[in-house]
Amino acid sequence: MLDVNINISKIDKSIQEIVNKIIQETRINNNEALKIFTQAPNSLLFLLANARREKLNGNNTFFNKNIHIEPTNICVFDCKFCSYSRLLKEKSQSWEYSLDEMVNMVEKYNIDEITEVHIVGGVHPKMGLKYFIELIKRIKDIRPNIHIKAFTAVELEYMCRKAKVTYKKGLKMLKEAGQNSLPGGGAEIFAKEIRDIICKDKCTSKQWLEIHRTAHEIGMQSNATILYGHIEKPRHIIDHMSRIRDLQDITNGFNAFIPLKYRNGNNQMSHLKEVSIIDDIRMYSIARIFFDNIKHIKAYWPMIGKETTQSLLSFGVDDIDGTIDDSTKIYSMAGVEDQNPTMSTSEITSLIKKVKRIPIERDSIYNQLKVH
Ligand code: V47
Ligand code: SF4
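Residues numbered from 1 in each chain as written. Chains lettered and ligands numbered in written order. Predicted model: local features only at pLDDT ≥ 70, side-chain atom pairs only at ≥ 80, totals over all residues. Heavy atoms only, no water.

Digging into the overall build of the protein chain
Quick reminder of the rule: Helix and strand assignments come from DSSP, with helices taken as H or I runs of at least 4 residues and strands as E runs of at least 2, each series counted from the N terminus. Each radius of gyration is computed over the set of C-alpha atoms, and the globule rule expresses the reference value as 2.2 Å times the number of residues to the power 0.38. Only protein chains enter the accessibility calculation, which uses a 1.4 Å probe. A residue is then buried if its area is under 20% of the maximum for its type, exposed if over 50%, and partly exposed in between. Contacts are residue-level and defined by heavy atoms, with any inter-residue pair within 4.5 Å sufficient.
Helix and strand content of the protein chain: 14 helices and ten strands. Whereas a compact globule of 372 residues would reach a radius of gyration of roughly 21 Å, the protein chain reaches 20 Å, a difference of no more than 12%. Here the C-alpha coordinates of the protein chain stretch approximately 65 × 45 × 40 Å along the principal axes. Here the protein chain holds 372 residues, and the buried ones make up 58% of them. The long-range fraction of contacts in the protein chain, counting pairs at least 24 apart against all pairs at least 6 apart in sequence, stands at 75%.

Observations concerning the pairing of strand β2 (residues 116-119)
To keep things clear, this is the line we draw: Whether two strands pair comes down to DSSP finding at least two bridges between them.
The two faces of β2 match: E116 and H118 on one face and V117 and I119 on the other face are all buried. The sheet contact formed by strand β1 (residues 60-69) and β2 spans four bridges and is parallel. Looking across to β2, one finds that H68 is bridged to H118. Where β2 lies against strand β3 (residues 147-150), four bridges are found, and the strand directions are parallel.

A few points about the environment of S270
Quick note on the threshold: Contacts described as polar in this section are N or O atom pairs within 3.5 Å, which, within protein, must combine one atom able to donate a hydrogen with one able to accept it, while residues neighboring in sequence count only if both atoms come from side chains.
By the secondary structure assignment, S270 is in the loop between β6 (254-261) and α11 (277-290). A distance of 2.6 Å separates the side chain of S270 from the backbone oxygen of N264, its partner in a polar contact.

A few points about the domain arrangement of the protein chain
Under the convention used in this document: For each domain, the first and last residues come from an automatic or database assignment. Defined here as a combined quantity, buried area equals the accessible surface (1.4 Å probe) lost by two parts on assembly, summed across both.
Partitioning the protein chain into domains gives domain 1 (8-53) and domain 2 (54-371). Between the C-alpha centres of domain 1 and domain 2 the distance comes to 29 Å. Taken together, the 23 residues of domain 1 in the interface contact 33 residues of domain 2. Summed over both partners, the interface of domain 1 with domain 2 comes to about 2,400 Å²; 55% of that surface belongs to carbon and sulfur atoms.

Observations concerning empty space enclosed by the protein
This is how the line gets drawn: Only protein atoms enter the 1 Å grid used here, on which a cavity is any set of points holding a 1.4 Å probe that cannot leave and a pocket is any open set flanked by protein within 12 Å on both sides along at least five of seven lines; residues with an atom within 4 Å of a point are listed as lining. Grid points are joined across faces, edges and corners, and a volume is the space filled by probe spheres set on the points. Polarity classes work like this: nonpolar for Ala, Val, Leu, Ile, Met, Phe, Trp, Tyr, Cys and Pro, charged for Asp, Glu, Lys and Arg, and polar for all others, with Gly in that last group.
Counted according to the given criterion, the structure contains five cavities of 30 Å³ or more. Computed from the structure, the largest cavity encloses a volume of approximately 710 Å³. G185, G186, E188, I330 and Y331 are, among the 41 residues lining the largest cavity, the residues nearest its centre. For the lining of the largest cavity, the elements supplying multiple residues, two or more each, are α6 (153-163), β5 (221-228) and β6. Looking at the lining of the largest cavity residue by residue, the classes come out as 18 nonpolar, 13 polar and ten charged. Approximately 80 Å³ is the volume attributed to the second largest cavity. For the lining of the second largest cavity, the elements supplying multiple residues, two or more each, are β3, β4 (181-182) and β5. Split by residue class, the lining of the second largest cavity holds three nonpolar, six polar and four charged.

Here it is, written out as structure tokens:
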């Protein structure tokens, strides 16, 4: 039972029963989730999300010490919301790092400065499975204990297709090379009617789910994301989360769910306005309420901003990703305020402490390393 002080009789009759279920920690179905997502007043939704957060994670707020490597922004796909990809023939504002350059990016950090490398980028027609296996091996040669979280299902689908191997075989090869887990990107919105408009040519939702299922089956954990705040409707959000919740029931391999707010700078959907902070909070809140089988809800601070991240710690969020050290361009190219995202450990811990939560440094699979 959630510890929440609500006078049920004062709540609109049509949602009383759903609120009761949430308080009793009984799973709500898609229709019920849609109903409270669209009809519950902010105060109620927010209170329930926070109660759930505190029941699951208390005051703890997780972060890690990490960097990103974005091997290239050249991409064969054409997602309408993407601000950073470039076509092979477009040389301006594009990059392709060599293996040496990427290994050097890791080598410049001391062993105690980062515990995780997050590798994700555009889908380059010439960077295939063999190339990335080599990259992973070379990183592990110099830093055997570093956790490598790499490649969205979109990159993996393309890699495996080009190499003519099954997802299982491709993932096993990457795992043997030293890859530890998968990030949650590429999920966007699963509903075909939306996917067909915003990212028609990349992996399907079925393939995304199949790749994560396979990863979990061979012992690689992962995250799941949603790209919200563009042309989707509330029903698409619930449908999306429901497909992830169903898979999690089977595999239990997702560590965190990460709502990613659509940022409208420099892309083919720039005419769309970004949603308000209240819509952000409602999104994170419904995620926390809906997922009774994923322990962590992450706010990725380079995307949503430091101040909103801080606020979200009272509305379901218990994880804020890592120190980053100015190693990602996805969101700076989408026009976010923070053009050089970096936080030292002391900045991250003080951001968390300022809102009376406890900073917990974690490893990539949520083992606690240090209470700050
Ligand atoms: O799949 C691209 C999103 C994702 C925009 O697993 C955009 O720990 C908003 O998934 N506005 C990649 N979002 C990033 C990602 C991620 C980030 C941090 C941590 C983890 C993790 C995963 O970024 C893409 C897409 O959904 N994205 N462009 C944009 N304009
Ligand atoms: Fe390519 Fe990923 Fe951008 Fe889509 S979101 S265009 S797959 S880099």
